[in-house]
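Structural overview
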Amino acid sequence: GENVEQHPSTLSVQEGDSAVIKCTYSDSASNYFPWYKQELGKRPQLIIDIRSNVGEKKDQRIAVTLNKTAKHFSLHITETQPEDSAVYFCAAYTGFQKLVFGTGTRLLVSP
Amino acid sequence: DTEVTQTPKHLVMGMTNKKSLKCEQHMGHRAMYWYKQKAKKPPELMFVYSYEKLSINESVPSRFSPECPNSSLLNLHLHALQPEDSALYLCASSQVWGPASTDTQYFGPGTRLTVL
């Protein structure tokens, strides 16, 4: 079936620390992995994505890694800031052409 | 215009009412989506339209009726809803949809629906 597991569900860090969120997918035909940030009461916003022919992608303080063999991918945020506080969702675009989301990680960055 | 817009922002309706949610994009995207998001949960796919044709219906109850009148507009008609249908309804769009496509989906701000 199509399933995306995401850990941890809650992550508290101090400003300036790094944060890592991990996801595992079940459908080996999945080929696209976006990460969305959703602030309270707002729309999910794409922050970074990676396609299956790439192992790593970086955009300033944000990086994503993909291990296709193990079927897992991770989001890394360095030098966290209070405005990074939000819910982060990983997602996988499956072989059935559906975007399936992980359960979400609530990130809290304390000043 | 690089945004997906949705109206209304909030909607309260009774179980016997008929209402519609509207979504619009002017990015030239040919795929549009409806998602349902309950509090503290991820978005869940309801419908996919590709080139104005319904391509995926995730076994959604018939009290939800989607419509895609043209490539820029997507509606969701609501009738005889239940209180458990209360949720944030998100619209999204992408350039195209299909097995060879890995296009980014852009989300609208959502309509927060409350069914009394």
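Read on for a plain summary of the structure. Throughout, residues of each chain are indexed from 1 in the direction in which the sequence is written. For naming, the first written chain is A and the first written ligand is 1, with later ones following in the order written. Where local features are concerned, this predicted model is filtered to residues with pLDDT of at least 70; where side-chain atom pairs are given and counted, the filter is 80 or more; whole-chain, interface and lining totals use all residues. Side-chain numbers come from the whole structure's heavy atoms, not from hydrogens or water.

Glancing now at the nonpolar core. Here is a general trend for soluble globular proteins: nonpolar side chains tend to be buried in one another's company. Remark: nonpolar core denotes a set of buried residues (Ala, Val, Leu, Ile, Met, Phe, Trp, Tyr, Cys) joined through side-chain atoms within 4.5 Å. Between buried and exposed lies partly exposed: a residue is buried under 20% and exposed over 50% of the maximum accessible area for its type, with that area taken using a 1.4 Å probe on protein chains only. Among the nonpolar cores identified, the biggest contains 24 residues, and Trp35, Phe73, Leu75 and Leu107 of chain A are the most heavily contacted of them. Aside from chain neighbours lying at most four places away, what touches leucine 75 of chain A is Ala19, Val20, Ile21, Trp35, Ile47, Ile48, Ile62, Ala63 and Tyr88 of chain A. Grouped together as the second largest cluster of nonpolar side chains are 22 residues, Met13, Trp34, Val60 and Cys91 of chain B included. Throughout, a contact is declared for two residues whenever any of their heavy atoms are within 4.5 Å.

In protein chemistry, a disulfide is the covalent bond that joins the sulfur atoms of two cysteines. Cysteine sulfur atoms that come within 2.5 Å of each other are treated as a disulfide pair. Under the counting rule described, the total for this entry stands at two disulfides over all chains. Note on cysteine connectivity: cysteine 23 of chain A is disulfide-linked to cysteine 90 of chain A, with sulfurs 2.0 Å apart. Judged by the sign of its S-S torsion, about -100°, the bond between cysteine 23 of chain A and cysteine 90 of chain A is left-handed. Linking cysteine 23 of chain A in strand β3 (residues 19-25) with cysteine 90 of chain A in strand β9 (residues 86-93), this pair joins segments that are 67 residues apart in sequence. For cysteine 23 of chain A, a relative accessible area of 1% puts it in the buried group. The closest cysteine sulfur to the non-disulfide-bonded cysteine 68 of chain B is located on cysteine 91 of chain B, 9.1 Å from its own sulfur. Judged by its relative accessible area of 12%, cysteine 68 of chain B falls in the buried class. Numbering of helices and strands runs from the N terminus; a helix is a DSSP stretch of H or I covering at least four residues, while a strand is a stretch of E covering at least two.

Residues and elements named next belong to chain A. Mapped onto the elements of the fold, alanine 92 is located in strand β9. Given the relative accessible area of 1%, alanine 92 is considered buried. Measuring from C-alpha to C-alpha, the distance between alanine 92 and glutamine 60 comes to 23 Å, with 32 residues separating the pair along the chain. Look past the residues within four positions of alanine 92 in its chain and what remains in contact with it is Val4, Tyr25, Ser30, Tyr32, Phe33, Lys98, Leu99 and Val100.

Okay, the interface of chain A and chain B next. It is common to give the size of an interface as the accessible area that goes away when the parts come together. Residue-level contacts link 19 residues of chain A with 24 residues of chain B. When chain A packs against chain B, the two sides together hide about 1800 Å² of surface, and 53% of this comes from carbon and sulfur. Here's the idea: put two parts together, see how much 1.4 Å probe accessible area each one loses, and the total over both is what we call buried area. Of all residues in chain A, Arg43, Gln97 and Phe101 of chain A bury the most surface against chain B, accounting for 32% of the area lost on that side. Any Lys or Arg side-chain nitrogen found within 4 Å of a carboxyl oxygen on Asp or Glu counts as a salt bridge. There are two salt bridges connecting chain A and chain B. Residue lysine 98 of chain A pairs with glutamate 58 of chain B through a salt bridge whose shortest N-O separation is 2.8 Å. Nitrogen and oxygen atoms within 3.5 Å of one another constitute a polar contact, given that in protein one can donate a hydrogen and the other can accept it, and given that sequence-neighbouring residues count only through two side-chain atoms. Viewed at the interface, chain B and chain A are joined by 10 residue pairs in polar contact (both at pLDDT 80 or more). Those elements giving two or more residues to the side of chain A that touches chain B turn out to be β4 (32-38), β5 (45-51), β9 and β10 (99-101) of chain A. For this scheme, ten residues count as nonpolar: Ala, Val, Leu, Ile, Met, Phe, Trp, Tyr, Cys and Pro. Four count as charged, namely Asp, Glu, Lys and Arg, and the remainder, Gly too, count as polar. Across the side of chain A that touches chain B, the residue classes tally to nine nonpolar, five polar and five charged.

Right, let's get into the packing of aromatic side chains. Here is the rule: rings of Phe, Tyr and Trp (six-membered ring for Trp) pair when centre to centre is within 6.5 Å. Planes less than 30 degrees apart are stacked, more than 60 are edge-to-face, and the remainder are tilted. Summed over all chains, the structure comprises 12 aromatic pairs over all chains. When the ring of phenylalanine 101 of chain A is compared with that of tyrosine 35 of chain B, the centres are 6.0 Å apart and the planes differ by 90°; the resulting orientation is edge-to-face. With phenylalanine 101 of chain A in strand β10 and tyrosine 35 of chain B in strand β4 (residues 31-37), this residue pair bridges two chains. For the pair phenylalanine 101 of chain A and tyrosine 35 of chain B, one class covers both residues: buried. One aromatic cluster is present, built from ring pairs that chain together Tyr36, Phe89 and Phe101 of chain A together with Tyr33, Tyr35 and Phe107 of chain B.

Our next topic: the sheet that holds strand β3 (residues 18-25) of chain B. Working definition: the strands of a sheet are paired by backbone hydrogen bonds and lie parallel or antiparallel to each other. All names here are of chain B. Within the open sheet, the four strands sit side by side as β1-β3-β8-β7. Their pairing is antiparallel. The open sheet terminates on both sides in strands that have one partner only, identified here as β1 (4-7) and β7 (64-70). Across the sheet, the axes of successive neighbouring strands diverge by a mean angle of 20°, strand direction being ignored. Pairing analysis gives seven bridges linking β3 to strand β8 (residues 73-79), with the strands arranged antiparallel. Following the sheet pairing, cysteine 23 is matched in β8 by leucine 74. Pairing between strands is defined by DSSP: at least two bridges between the two strands are required. Lines fitted to C-alpha atoms define the axes, with helix axes restricted to the stretch in contact, and inter-axis angles between N-to-C directions lie between 0 and 180 degrees.

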